[in-house]
There are 2 protein chains.
Amino acid sequence: MDKRGILIVVSGFSGSGKGTLMKKLLEDYDNYALSISATTRSPRPGEEEGREYFFKTTEEFEKMIAKDELIEYARYVNNYYGTPRAYVEKQLVDGKDVVLEIEIQGALKVKEKFPDTMLLFVTPPTAAELKNRLVGRGTETMDVIEERMNRAKEEAEGMEEYDYLIINDDLEDCVREMHSIIQGEHRRSFRSQAFIEQMKQELKGE
Amino acid sequence: MDKRGILIVVSGFSGSGKGTLMKKLLEDYDNYALSISATTRSPRPGEEEGREYFFKTTEEFEKMIAKDELIEYARYVNNYYGTPRAYVEKQLVDGKDVVLEIEIQGALKVKEKFPDTMLLFVTPPTAAELKNRLVGRGTETMDVIEERMNRAKEEAEGMEEYDYLIINDDLEDCVREMHSIIQGEHRRSFRSQAFIEQMKQELKGE
């Protein structure tokens, strides 16, 4: 089959567990690469260039924007965050499926620019469970929880724009299911043009 | 998640092993039902009404056509063959994934009428392997093999119209993969409208 990897954008409610899920996906299976973002914010203690982020000056970052070297980018507060195209492209060519965690507006922009992108939305099984998880963390004030729930309401409006819904009930099951969905996606005909062409050529020669 | 089953149309080259594959899929997993065709041809020894076919008179069959009671139908030589809608619909409502084996023209007609249908195309890994399998059966004359290979050339032109390509190299692997692809397809957002609506409602109530 065609060996090129798939660009996979993962989004989900805060509290959906998508971070843990992606971490485990990369631990359990070896055909994935995590996309590394570029940012203009300063490195925090323990962060390494090219591991957590590619650290850039604002000037460097704006040059990348101008040269269309970013798949998508956004500005939060006073810093830029974006996805460098070169790194992702290299991984895809090497046959790795590249996982990119971004929020919904960014996800839809990526899909528009690269229609072959696979959009996954991670959700707990119910809204009550989402709230439980946010409360259960014990690290957030009720104000923050309310804010996250409000944000979830907005995000839910975009759920149907995603290709797949991943229901994160049990972590182990969910990782297996996510991997299986991605494997299945590799068998979609539009990802196998090279195989189809070869089969047609071979049949003509028989 | 939404409990309605998926209508799955399976096609493939003669010699692709799709018959064996589907038989094993139904043996190994219990969420599938095989669609049963209606036909005007006479029952052969051992065939039972409602097991191999629903046997109909030409008059009855033409009445079914007129009442739009068939998902698709075709006429071969002097007999009609078709897929009764009522049986398929009952299985789908019961949450079964219904597998229907038809050739490409029928498959595309079904997809047009029911866009939620999942189209699977089964193929050996190479054209040489396809020929090997036809020759290896030892039951066909070289004329028949040539005719099948010519038909395969025509059928290959439609491969990209299918949603998924299933490469049948090893039967066991292939059955597992086919099942896994179908399971993944259940997670596609457009099949989960009820879940999405419920999540939105719940979040509004929080």
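Okay, so let's go over this structure. Since this is a predicted model, take the numbers as computed values, not measurements.

**Brief notes about the packing of aromatic side chains**
All names here are of chain A.
Part 1: Evaluation of the coordinates by the stated rule reveals 18 aromatic pairs over all chains.
Part 2: Three or more aromatic residues joined by ring pairs form one cluster here, namely Tyr53, Phe55, Tyr76 and Tyr81.
Part 3: The ring of Tyr80 carries the charged tip of Arg75 above its face, separated from the ring centre by 4.7 Å.

**Observations regarding the relation of the copies chain A and chain B**
Part 1: For the pair chain A and chain B, the best superposition has an RMSD of 0.0 Å and corresponds to a rotation of 180° with a translation of 0.0 Å parallel to the axis. What the superposition gives is, in effect, a two-fold axis relating one chain to the other.

**Digging into the interface of chain A and chain B**
Part 1: Each side of the interface is counted separately: chain A has 40 residues, and chain B has 40 residues.
Part 2: With both chains or domains summed, chain A and chain B bury close to 3,700 Å², and 60% of this area falls on carbon and sulfur atoms.
Part 3: For chain A, the biggest contributors to the area lost against chain B are A:Arg187, A:Leu203 and A:Glu206; these three give 17% of the whole.
Part 4: The tally of links from chain A across to chain B stands at eight salt bridges.

**Some points on the packing of helix α5 (residues 127-136) of chain A against helix α6 (residues 142-156) of chain A**
All names here are of chain A.
Part 1: Interaxial distance between α5 and α6 falls to 10 Å at its minimum, and their mutual angle equals 150°. Between α5 and α6, the interaxial angle falls into the category roughly antiparallel. Helix-helix and strand crossings are classified by hand; for α5 and α6 the assignment is right-handed. Facing Ala127, Leu130, Lys131, Leu134 and Val135 of α5, the residues of α6 in contact are Ile145, Glu146, Arg148, Met149 and Ala152.

**Quick word on the nonpolar core**
Part 1: Core analysis: the largest hydrophobic core is formed by 36 residues, its most contacted members being A:Leu120, A:Met178, B:Ile8, B:Leu120 and B:Met178.
Part 2: Setting aside anything within four residues of it in sequence, one finds A:Leu120 in contact with A:Ile8, A:Val9, A:Val10, A:Ser11, A:Tyr162, A:Tyr164, A:Ile166, A:Met178 and A:Ile182.

**Concerning the pattern of salt bridges**
Part 1: Taken as a whole and judged by the stated rule, the model has 46 salt bridges over all chains.
Part 2: In this structure, A:Arg51 engages A:Glu52 in a salt bridge whose closest nitrogen and oxygen atoms are separated by 3.1 Å.
Part 3: Connected via shared salt-bridge partners are A:Glu185, A:Arg188, A:Arg191, B:Glu185, B:Arg188 and B:Arg191.

**With respect to the environment of A:Glu48**
Residue and element names in this part refer to chain A.
Part 1: On the secondary structure map, Glu48 appears in the loop between β3 (37-39) and β4 (53-55).
Part 2: A residue is classified by how much of its surface remains accessible, and Glu48, at 44% relative accessible area, is partly exposed.
Part 3: Every residue in contact with Glu48, bar those within four places of it in the chain, is listed here: Tyr53 and Phe55.

**With respect to helix α3 (residues 85-93) of chain B**
Residues and elements named next belong to chain B.
Part 1: Along α3, the positions that sit buried rather than exposed are Val88, Gln91 and Leu92. Seen from one end, α3 has its buried residues packed into an arc of 100°, which puts them on one side. Turned more than 90 degrees away from the buried face of α3, the exposed residues are Ala86, Lys90 and Val93.
Part 2: Buried residues along α3 sit against β1 (7-12), β2 (32-34), β5 (70-76), β6 (79-84) and β7 (97-101).
Part 3: Looking one or two places after α3, you find Gly95, whose phi comes out positive at around 90°.

What counts, and where the lines are drawn
- Residues numbered from 1 in each chain as written.
- Chains lettered and ligands numbered in written order.
- Predicted model: local features only at pLDDT ≥ 70, side-chain atom pairs only at ≥ 80, totals over all residues.
- Heavy atoms only, no water.
- Phe/Tyr/Trp six-rings, centres within 6.5 Å; stacked < 30°, edge-to-face > 60°.
- Lys NZ or Arg CZ within 6 Å of the ring centre and 35° of its normal.
- Least-squares fit on C-alpha atoms with pLDDT ≥ 70 in both.
- Contact = heavy atoms within 4.5 Å.
- Buried area = accessible area lost by both parts, 1.4 Å probe.
- Salt bridge = Lys/Arg side-chain N within 4 Å of Asp/Glu carboxyl O.
- Axes fitted to C-alpha atoms, helices over the stretch in contact; angles between N-to-C directions.
- Helix = DSSP H or I, 4+ residues; strand = E, 2+ residues; numbered from the N terminus.
- Parallel < 35°, antiparallel > 145°, perpendicular 65-115°, else oblique.
- Left-handed = near helix turned anticlockwise from the far one by under 90°.
- Core = buried A, V, L, I, M, F, W, Y, C linked by side-chain atoms within 4.5 Å.
- Buried < 20%, exposed > 50% of the residue type's maximum accessible area, 1.4 Å probe, protein only.
- Arc of directions from axis to C-beta.

Everything listed here is a matter of geometry and, on its own, says nothing about what the molecule does.
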